[in-house]
Amino acid sequence: MRQNKSFLSQAIALYSKYWCSDLESGAKWGLIIFVCLFMGYSGFCILRLGYGIVIDIFIGSAGSLLLLLLIRQSILFVLNLFKVPSLIWLGWLGGGITIPLIVFRFSRFHWITVIPLTVLASLSVVSFCTALIILFRNRKCFRKPLFLLAFSLCLLLFMQSMMKPEQAIDWENVNIYHPMIWDTQDIDYTKLTRESHHVETLLYGSGVNQVVNFNKQLDWETPCVDMALFLKPPKGIFSSLREGYWGFDHTSFPLNATVWCPEKKGKFPVVLILHGDFPMRMYSDTGYAYLGHLLASRGFLTLSIDQRFLNLDWTGHYQNEMDARAYILLEHLQLLRKWNETKGHRLYGKADLNNVVLIGHSKGGEAIAVASYFNNLPHHPDKPEIVFDYGFDIKALVGLAPSDCLYQVGDTSIVLEDIDYLLLHGAQDADVSQFYGDRQFKRIRYFDQEYHFKSSLFIYRANHGQFNSAWGANDLFFPASLLLNKAPLISQEEQQRIAELYISAFLETSIRKKMDYLPLFQDYRYACKYLPSTYYINRFCDTETNLIADFGSQMKNGGYHAAGFINHAVVGLPFRRPGLSRQNPVLHLKWDHPAILTIDARNSSLPSFRNGVFTFSLADLSTRKFSKPLDFKIELTDTGGACTFTYLKDIIQIVPKTPIELTRFSSWENSYGNKQEPVLQTISIPMQAFQKEYSPFDINKLQTIRFYFDQGAGEVYLDEVGVRGVDFIAFQ
């Protein structure tokens, strides 16, 4: 016992003589360098005070150093209260942990990731620097240069040890899901992305803020709008900082926009593009110049609206601002209406306000839906004192990875009626990481006598930010962006080419009624040779689609009968994260031996079809190999007993369950939920594709629909079984 006590005493003495001072020095210099470099770069990425990059870096570094010293002194004060002066290095360590912790949390990390990541990084820096100090104790001239090397190597080794390498999905079998089996004509889709007319670029704004584009060289000035009835500003000193940056508060928001106008004479359909909630100090509206210039060259008067003053920031941001975004968007249309009727104005007679299209990205994608809803109301649904007088003829909406349900009327989601809708969303989206736009897609209803359609395209390897040139590949800002898995991404040029092609085709179809492009929205494979090589899933519905079995409502017939399934039940289509309703009930089917689903169509009251299309939506939930797509038999029987059938593999190959790795850090990845999110693919089968048996089949007398799942085990979601009356597809 005495020997042990003597050894312990010697260890404590050795620690006091050497390690205490070395740890103090290692913690001091290592963490000073670590925090200053980290916060300097964070200042460059986040601070954006408006006085230049050098000032941002300097204030980030200097401010963090002062904060580090303040936290150190506070921790030392507590340690002295408990009389533990030998652990003085804990003061430096506490400061080094606290400062990155604040920034990491601001970057939307999960706490499970934030705390161990920050603690281990700080401990690694301290340990490495302390070891170097001991090694070069008598060589003081080497110490300080080695601290920087110590920090760099330590952080690099730590990050590499904690993170998985970036991983991409195996795309060897992608061509299996692209083969064409029918075509109407050889349409050159590349002409949709070619410019046709010369374009004039104009700027208008209120001239009251420090954004260079909208403070100088304006083509004309605009009034401000008072949003006091819509918004409450951030509280405290941060509100003053935000107001100081912009030069105005929520009572005088500017109306700023970039206009791309065709130079030729004429009246042009109007397109408004609205950005989402990116950090307010970074440009967002300029990121759609590629789209604005293209659409203007194709004869659309296109505006990119600036609402960065509503966006998030380290000084805080406005809460529940979605209705404000929508209102400001409609105020831009009011301005356009006024200028269109004012002789002598540069836009006099240029705007065809009977054909208006709204395009929105992220929160902007939801704001355009709210604006469309407000457009026909006499006043704000929640604030009657806000009177509306709009009534624009908004014909179509385009959502680029939109959010959803951030604004509701009471507890009810917005339902839109009689409007065309296009939805584009990337599977590799680490910001809007769930397919929220699918809910708005489902909530669009058709009642009038005009032709309307809605279509969605789910794009593997596409992310959130690359629809906007200013946002790019980082769906989250620094330092969270360091942990994103970006290996699978298609290039920004490729992702924007998809947007250009689909949006151009959508406007030609919806506004100019060029139905040659409609098949593209029914089946992406019509343009697959013009699209980047990846997997796509698309959904389609129109006013000519007559649903026989929509499992979200009462069956329009005698119901269905399932035999031989392990499981069959109507369930809610899930998101990748459980707990949030997707507002889309579907039929869940699972089998491991032959099974049959029979749907009674006798009471469907279908109209007479000259050349109908049988249609249904499906998501494959199985983990089958990509080289062996799902297959089953589809059989239709009429009241006269005539039967016709086909196999799924002869029509289309459904993309199986595909895992998505959004990040390189396991615990953070888990916060996104499951690695797969089921997405419904609409399958349209022209009657010419079915094989006849015995006597001619009459779709106008459809009686029974059967799905024979006899090609091996599987699991699917099924929805929207019906018949489409107008056939724009000529089957070969």
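Every value quoted in this text rests on a predicted model; they were computed, and no experiment measured them.

Draft legend 1. Inspection of the overall build of the protein chain at higher detail. A tally of helices and strands in the protein chain yields 13 helices and 24 strands. The proportion of buried residues among the 732 residues of the protein chain is 58%. Taken as a whole, the protein chain presents about 30,400 Å² of accessible surface, with 55% of it coming from carbon and sulfur.

Draft legend 2. Just unusual backbone geometry, in detail. Here the phi dihedral of Gln-583 falls at roughly 60°; this positive angle occurs in a residue that is not glycine. Positionally, Gln-583 belongs in the loop between strand E15 (567-572) and strand E16 (585-591). One non-glycine residue with positive phi stands out, namely Glu-720, at about 55°. Residue placement: Glu-720 occurs in strand E24 (residues 714-724).

Draft legend 3. The arrangement of the pattern of salt bridges in detail. Tallying each qualifying case throughout the model produces 28 salt bridges. A salt bridge links Arg-582 to Asp-438, with the nearest nitrogen and oxygen atoms 3.1 Å apart. Of the two residues, Arg-582 is situated in the loop between E15 and E16 and Asp-438 in helix H10 (residues 437-442); the sequence distance between them amounts to 144 residues. For the pair Arg-582 and Asp-438, one class covers both residues: buried. Several salt bridges share partner residues, and in doing so they unite Asp-438, Lys-442, Arg-539, Asp-550, Arg-582, Asp-719 and Glu-720 into one network.

Draft legend 4. Molecular detail of the nonpolar core. Core analysis: the largest hydrophobic core is formed by 82 residues, its most contacted members being Tyr-204, Met-227, Phe-253, Val-270, Leu-301, Leu-336 and Leu-358. At eleven residues, helix H8 (residues 322-340) tops the list of elements feeding residues into this core. Not counting residues up to four positions away in its chain, the partners in contact with Met-227 are His-250, Thr-251, Phe-253, Ala-324, Tyr-327 and Ile-328.

Draft legend 5. Representation of the sheet that holds strand E11 (residues 453-459) within the structure. Spatially, the ten strands line up as an open sheet ordered E2-E1-E3-E5-E4-E6-E7-E9-E11-E12, and their pairing is mixed. In this open sheet, the two edge strands, each paired with only one partner strand, are strand E2 (220-221) and strand E12 (536-542). In terms of strand pairing, strand E6 (residues 351-361) meets strand E7 (residues 394-400) through six bridges, oriented parallel. The residue of E7 that forms the bridge with Val-356 is Ile-394. Against the sheet, helix H7 (residues 289-297) contacts strand E1 (199-205), strand E3 (256-262), strand E4 (268-274), strand E5 (301-306) and E6, and its axis sits at roughly 35° relative to E3. Taken strand by strand, helix H9 (residues 363-375) contacts E4, E6 and E7, and its axis lies near 145° from that of E6.

Draft legend 6. Structural context of the environment of Ile-634. For Ile-634, the position within the fold is in strand E19 (residues 633-638). Using a relative accessible area of 0% as the deciding quantity, one classes Ile-634 as buried. Measuring from C-alpha to C-alpha, the distance between Ile-634 and Tyr-647 comes to 6.0 Å, with 13 residues separating the pair along the chain. Excluding anything up to four places from it in sequence, Ile-634 contacts Phe-614, Phe-616, Thr-644, Phe-645, Thr-646, Leu-648, Ile-685, Phe-690, Arg-706 and Phe-707.

Draft legend 7. Representation of the packing of aromatic side chains within the structure. What the rule picks out here adds up to 43 aromatic pairs. With centroids separated by 6.0 Å and ring planes inclined at 15°, the aromatic side chains of Tyr-204 and Trp-220 adopt a geometry described as stacked. One end of the pair, Tyr-204, is in strand E1; the other, Trp-220, is in strand E2, and 16 residues separate them in sequence. Judged by relative accessible area, which is 0%, Tyr-204 ranks as buried. A relative accessible area of 10% means that Trp-220 is categorised as buried. Aromatic side chains Phe-453 and Phe-506 sit 5.6 Å apart centroid to centroid with 70° between the ring planes, which places their arrangement in the edge-to-face category. On the criterion of sequence distance, the pair formed by Phe-453 in strand E11 and Phe-506 in helix H11 (residues 492-510) is long-range, its members being 53 residues apart. An identical accessibility class is assigned to Phe-453 and Phe-506; each is buried. An aromatic cluster of three or more residues is present, and its members are Phe-230, Tyr-327, Tyr-373, Phe-374, Phe-388, Tyr-390, Phe-392 and Tyr-407.

Draft legend 8. Structural detail: the packing of H8 against H9. For the pair H8 and H9, the least separation of the axes is 8 Å and the interaxial angle reads 65°. Between H8 and H9, the interaxial angle falls into the category roughly perpendicular. Viewed along their axes, H8 and H9 form a crossing whose handedness is right-handed. Contact with H8, carried on its side by Met-322, Asp-323, Arg-325, Ala-326, Leu-329 and Leu-330, involves Lys-363, Glu-366, Ala-367, Ile-368, Val-370, Ala-371, Phe-374 and Asn-375 of H9 and no other residues of that element. Classifying every residue of the contact of H8 with H9 gives nine nonpolar, one polar and four charged.

Draft legend 9. Quick look at helix H2 (residues 53-81). In a regular helix each residue adds 1.5 Å, so 29 residues correspond to 42 Å; H2 covers 42 Å between its end C-alpha atoms and thus fits that length. Of the positions making up H2, those classed as buried are Asp-56, Gly-60, Ser-61, Ser-64, Leu-68, Ile-71, Arg-72, Leu-76 and Leu-79. Looking one or two residues past H2, Lys-83 carries a phi angle of roughly 55°, positive in sign.

Draft legend 10. The pairing of E1, seen in detail. Most of E1 is tucked away: five of the seven residues are buried. Here six bridges tie E1 to E3, and the two strands are oriented antiparallel to one another. Bridging from a neighbouring strand, Glu-200 pairs with Cys-261 of E3.

Draft legend 11. A look at the pairing of E3. Here E3 lies mainly inside the structure; seven of its seven residues are buried. Taking every second residue as pointing to the same face, both faces of E3 are buried, with Asn-256, Thr-258, Trp-260 and Pro-262 on one and Ala-257, Val-259 and Cys-261 on the other. Judged from the five bridges that link them, E3 and E5 form a sheet pairing that is antiparallel. The residue bridging Trp-260 from the neighbouring strand is Thr-302, located in E5.

Draft legend 12. The arrangement of the side chain of Asn-485 in detail. For Asn-485, the position within the fold is in the loop between E11 and H11. What makes Asn-485 buried here is its relative accessible area of 4%. A distance of 2.7 Å separates a polar atom in the side chain of Asn-485 from the backbone oxygen of Glu-661. When neighbours within four sequence positions are excluded, Asn-485 is seen to be in contact with Glu-166, Gln-167, Gln-428, Glu-661, Leu-662, Thr-663 and Arg-664.

Draft legend 13. Quick peek at H11. Between its terminal C-alpha atoms H11 stretches 26 Å, which fits the 27 Å expected from 19 residues at 1.5 Å a residue. The buried fraction of H11 is high, at 15 of 19 residues.

Draft legend 14. Geometry of the packing of H7 against H11. Where H7 contacts H11, the axes come no closer than 11 Å and their chain directions differ by 35°. In the packing of H7 onto H11, the handedness of the crossing is right-handed. The segment H7 lies against H11, with Tyr-290, Leu-291, Leu-294 and Leu-295 engaging Gln-496, Ala-499, Glu-500, Ile-503, Ser-504 and Leu-507. Counted by class, the contact of H7 with H11 contains seven nonpolar, two polar and one charged residues.

Draft legend 15. Structural view of a nonpolar patch on the surface. Taken together, Phe-77, Val-78, Leu-81 and Phe-82 make up a surface patch of nonpolar side chains, about 470 Å² in accessible area. If you trace the backbone, Leu-81 turns up in helix H2. On the basis of relative accessible area, Leu-81 is assigned to the exposed category, the value being 56%.

Draft legend 16. A look at the side chain of Gln-495. Relative to the helices and strands, Gln-495 resides in helix H11. Once residues within four sequence positions are removed from consideration, Gln-495 is found in contact with Ala-462, Asn-463, Gln-466, Phe-467 and Ile-490.

Draft legend 17. Quick peek at the environment of Ile-654. Looking at the element boundaries, Ile-654 is found in the loop between strand E20 (643-647) and helix H13 (666-670). Along the backbone, Ile-654 and Ile-683 are 29 residues apart, and their C-alpha atoms lie at a distance of 9.2 Å.

Calculation rules
In every chain, residue numbers begin from 1 and rise along the written sequence. Local features in this predicted model are restricted to residues whose pLDDT is 70 or higher, and side-chain atom pairs enter the listing and the counts only when it is 80 or higher, whereas totals over whole chains, interfaces and linings include all residues. Excluded from the side-chain calculations are hydrogens and water; all other atoms, namely the structure's heavy atoms, are used. Secondary structure is summarised from DSSP: a helix means a run of H or I of at least four residues, a strand means a run of E of at least two, and numbering begins at the N terminus for each. Buried, partly exposed and exposed residues are distinguished by accessible area as a fraction of the type maximum, computed with a 1.4 Å probe on protein chains only: under 20%, between the cut-offs, and over 50%, respectively. Surface accessibility follows the Shrake-Rupley procedure with a 1.4 Å probe radius. Residue values consider only the protein chains on display as shielding. Salt bridges, as used here, are contacts in which a Lys or Arg side-chain nitrogen is within 4 Å of a carboxyl oxygen on Asp or Glu. Here, nonpolar core means buried Ala, Val, Leu, Ile, Met, Phe, Trp, Tyr and Cys residues that are tied together by side-chain atoms lying within 4.5 Å of each other. Here, residues are in contact when the closest pair of their heavy atoms is within 4.5 Å. Here the rule is simple: two strands pair whenever DSSP picks up at least two bridges between them. Whenever a helix is involved, its axis is fitted only over the stretch in contact; in every case the axis is a line through C-alpha atoms, and angles between N-to-C directions fall within 0 to 180 degrees. Centres within 6.5 Å make a pair out of two Phe, Tyr or Trp rings, where for Trp the six-membered ring is used; the pair is then stacked when the planes are under 30 degrees apart, edge-to-face when over 60, and tilted otherwise. Should an angle fall under 35 degrees it is called roughly parallel, over 145 degrees roughly antiparallel, and 65 to 115 degrees roughly perpendicular, with every other angle called oblique. By the definition used in this description, the sense in which the near helix is turned from the far one sets the handedness, with an anticlockwise turn below a right angle giving left-handed and a clockwise turn giving right-handed. Residues are sorted three ways: Asp, Glu, Lys and Arg are charged, Ala, Val, Leu, Ile, Met, Phe, Trp, Tyr, Cys and Pro are nonpolar, and all the rest, Gly among them, are polar. Expected helix span is taken as 1.5 Å per residue step, with the number of steps being one fewer than the number of residues. Polar contacts, as counted here, are pairs of nitrogen or oxygen atoms within 3.5 Å of one another; within protein the pair requires one atom able to donate a hydrogen and one able to accept it, and residues that are adjacent in sequence qualify only if both atoms are side-chain atoms. Residues with no salt bridge and a relative accessible area higher than 30% make up the patches, which join like charges within 9 Å and nonpolar side chains (Val, Leu, Ile, Met, Phe, Trp, Tyr) within 5 Å.

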